[in-house]
Amino acid sequence: MQNTPSRLMLKPAQLRLVLAIADHGQLQLAAETCAMTQPAASRMLAEVERRIGAPLFTRTPKGMEPTEIGATMLRRAAIALRELESMGSDIE
């Protein structure tokens, strides 16, 4: 198994939030989807971006759009969460 830098090890909740932001385009709606407050979601996103070392979204008047790095992360986050869900189903 390849060693992944610990700064890139993200929690499922962080991956879900990033995907929800991409789906809704707004942090407030993503926070609601993830059952958290907007300030908590903002802090979580800031932590993920700090760990990644780059912004994942561009903030625009119309909402939030993924950056190039954000789009790459979103593809991988979706795969990772599907795998976790599949593993849970297999175990059950």
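Only a predicted model underlies this, so the values are computations on that prediction, with no experimental measurement involved.

(A) Looking closely at the layout of surface pockets. As a volume, the second largest pocket reaches approximately 220 Å³. Along the walls of the second largest pocket sit Leu 8, Leu 10, Leu 15, Ile 52, Ile 69, Thr 72, Met 73, Arg 76, Ala 77, Ile 79 and Ala 80, which together make up its complete lining. Top element by residues in the lining of the second largest pocket is helix α4 (residues 68-91). It accounts for 7 residues.

(B) Structural view of the pattern of salt bridges. If you walk through the whole model with that rule in mind, you get 3 salt bridges. We note a salt bridge from Arg 50 to Glu 47, for which the minimum N-O separation is 2.8 Å. On the criterion of helical spacing, the pair formed by Arg 50 and Glu 47 is a turn pair, its members being 3 residues apart in helix α3 (residues 38-52). Arg 50 sits in the exposed class, given a relative accessible area of 56%.

(C) Highlighting α3. Taking 1.5 Å as the rise per residue, α3 with 15 residues should run 21 Å; its terminal C-alpha atoms sit 21 Å apart, in good agreement. Residues of α3 that are buried make contact with α1 (12-24), α2 (27-33), β1 (57-60), β2 (63-66) and α4. Where α3 begins, one side-chain oxygen reaches toward the backbone nitrogen of Ala 40, 3.2 Å away; that side chain belongs to Thr 37. Positioned one or two residues after α3, Gly 53 has a phi angle of 90°, which is positive.

(D) Focus on the packing of α1 against α3. Interhelical geometry of α1 versus α3 gives an angle of 105° and a closest axis separation of 10 Å. Classified by the interaxial angle, the pair formed by α1 and α3 is roughly perpendicular. Judged by residue contacts, Ala 13, Gln 14, Leu 17, Val 18 and Ile 21 of α1 engage Ala 41, Met 44, Leu 45, Glu 47 and Val 48 from α3.

(E) Here's a closer look at the packing of α1 against α4. Following both chains from N to C, one finds α1 and α4 inclined at 130°, their axes separated by 10 Å at the closest point. Here α1 is positioned oblique relative to α4, judged by the angle of their axes. For the pair α1 and α4, the crossing hand works out as left-handed. In this structure, α1 contributes Pro 12, Leu 15, Arg 16, Val 18, Leu 19 and Ala 22 to the contact, and α4 contributes Met 73, Leu 74, Ala 77, Ala 78, Ala 80, Leu 81 and Leu 84. Its residues assigned to classes, the contact of α1 with α4 shows 12 nonpolar, no polar and 1 charged.

Reading the values: rules and limits
- Residues numbered from 1 in each chain as written.
- Predicted model: local features only at pLDDT ≥ 70, side-chain atom pairs only at ≥ 80, totals over all residues.
- Heavy atoms only, no water.
- 1 Å grid on protein atoms, 1.4 Å probe; cavity = no way out; pocket = protein on both sides within 12 Å on 5 of 7 lines; lining within 4 Å.
- Points joined across faces, edges and corners; volume = space filled by probe spheres on them.
- Helix = DSSP H or I, 4+ residues; strand = E, 2+ residues; numbered from the N terminus.
- Salt bridge = Lys/Arg side-chain N within 4 Å of Asp/Glu carboxyl O.
- Buried < 20%, exposed > 50% of the residue type's maximum accessible area, 1.4 Å probe, protein only.
- Expected span 1.5 Å × (residues − 1).
- Contact = heavy atoms within 4.5 Å.
- Polar contact = N/O pair within 3.5 Å; in protein donor to acceptor, adjacent residues only side chain to side chain.
- Axes fitted to C-alpha atoms, helices over the stretch in contact; angles between N-to-C directions.
- Parallel < 35°, antiparallel > 145°, perpendicular 65-115°, else oblique.
- Left-handed = near helix turned anticlockwise from the far one by under 90°.
- Nonpolar A, V, L, I, M, F, W, Y, C, P; charged D, E, K, R; others polar.

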